[in-house]
Amino acid sequence: QVQLVESGGGLVQAGDSLRLSCAASGRAFSSYTMGWFRQAPGKEREFVAASSRIGGRRYYADSVKGRFTSTRDNARSTVYLQMNSLKPEDTAVYYCAAVVGYEGLITNLKGYNYWGQGTQVTVSS
């Protein structure tokens, strides 16, 4: 069983930065493909970023490309989402997700079978 716990959300102003963390437990973190998703009120959950378990590959949604960076620290079993130049439209609950044993990148939420509880990010204008 894989457990994911997000932290780092909060209320910030437009243009500010936040760093989200997702701590994983349960299995060897290096075997996880990780993803970040977000869900705004009244909207469907959408892909934000993904990082592969092999090769350090990353992929971002167009809406966050150039502003958000996903990194992973295998020694700490943690993945981070550095969010810069935040905009009001980034307001959402952010979730990390994991799938074990896959070597590529996954942008579809159906590809993940472990999810964290989410952390709220609110960006005021």
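Anything mentioned here points back to the structure above.
The following paragraphs examine the structure supplied in this document. (Residues numbered from 1 in each chain as written. Predicted model: local features only at pLDDT ≥ 70, side-chain atom pairs only at ≥ 80, totals over all residues. Heavy atoms only, no water.)

Attention now moves to the sheet that holds strand E8 (residues 78-83). Across the sheet, four strands lie side by side as E1-E3-E8-E7; this open sheet has antiparallel pairing. The outermost strands of the open sheet, each flanked by one partner alone, are strand E1 (3-7) and strand E7 (68-73). Along the sheet, successive strands turn relative to each other by an average axial angle of 15°, direction set aside. (Pairing = 2+ DSSP bridges. Helix = DSSP H or I, 4+ residues; strand = E, 2+ residues; numbered from the N terminus. Axes fitted to C-alpha atoms, helices over the stretch in contact; angles between N-to-C directions.)

Moving on: the nonpolar core. Among the nonpolar cores identified, the biggest contains 36 residues, and Leu 4, Trp 36, Leu 81, Met 83 and Tyr 94 are the most heavily contacted of them. Counting only elements with at least two residues in this core, the list comes to strand E3 (18-25), strand E4 (32-39), strand E5 (46-51), E8, strand E9 (92-100) and strand E11 (119-124). When sequence neighbours within four positions are dropped, the list of residues in contact with Leu 4 reads Cys 22, Ala 23, Ala 24, Met 34, Cys 96, Ala 97, Ala 98, Tyr 114, Trp 115, Gly 116 and Gln 117. (Core = buried A, V, L, I, M, F, W, Y, C linked by side-chain atoms within 4.5 Å. Buried < 20%, exposed > 50% of the residue type's maximum accessible area, 1.4 Å probe, protein only. Contact = heavy atoms within 4.5 Å.)

Moving on, we get to the packing of aromatic side chains. Across all of its chains, the model carries six aromatic pairs by this definition. For the pair Phe 37 and Phe 47, a centre-to-centre distance of 5.8 Å together with 75° between the ring planes defines the contact as edge-to-face. Highlighted residues: Phe 37 in strand E4 and Phe 47 in strand E5, separated in sequence by 10 residues. Grouping residues by exposure puts Phe 37 and Phe 47 together as buried. Relative to Trp 115, the ring of Tyr 112 lies with its centre 6.2 Å away and its plane at 70°, an arrangement referred to as edge-to-face. (Phe/Tyr/Trp six-rings, centres within 6.5 Å; stacked < 30°, edge-to-face > 60°.)

Following the criterion strictly, the structure yields six salt bridges and no others. The partner of Glu 46 in a salt bridge is Arg 38, and the shortest N-O contact between them spans 2.6 Å. Judged by relative accessible area, which is 36%, Glu 46 ranks as partly exposed. You can call Arg 38 buried: its relative accessible area is 5%. (Salt bridge = Lys/Arg side-chain N within 4 Å of Asp/Glu carboxyl O.)

Another aspect to go through is unusual backbone geometry. Backbone geometry places Ser 77, a non-glycine residue, at a positive phi of 55°. The backbone of Ser 85 sits at a positive phi, close to 50°, despite the residue not being glycine. In this structure, Ser 85 sits in the loop between E8 and E9. Judged by its relative accessible area of 40%, Ser 85 falls in the partly exposed class.

With that settled, the discussion passes to the environment of Val 100. Relative to the elements of secondary structure, Val 100 occurs in strand E9. Between the C-alpha atom of Val 100 and that of Gly 15, which follows or precedes it by 85 residues, the distance is 35 Å. Val 100 has contacts with Val 2, Arg 27, Ser 31, Tyr 32, Asn 113 and Tyr 114, leaving out every residue within four places of it along the chain.

What follows covers the environment of Ser 125. Mapping Ser 125 onto the fold places it in the segment after E11. For the pair Ser 125 and Leu 86, spaced 39 residues apart in sequence, the C-alpha separation works out to 9.8 Å. Beyond its immediate sequence surroundings of up to four residues, Ser 125 is in contact with Ala 14 and Pro 88.

This part takes up the state of the cysteines. Evaluation of the coordinates by the stated rule reveals one disulfide. Note that Cys 22 is cross-linked by a disulfide to Cys 96, the S-S spacing being 2.0 Å. Judged by the sign of its S-S torsion, about 55°, the cystine formed by Cys 22 and Cys 96 is right-handed. Taken together, the residues span a long stretch of sequence, with Cys 22 in strand E3 and Cys 96 in strand E9 at a distance of 74 residues. (Disulfide = S-S within 2.5 Å.)

The values are spatial; any link to function lies outside them.
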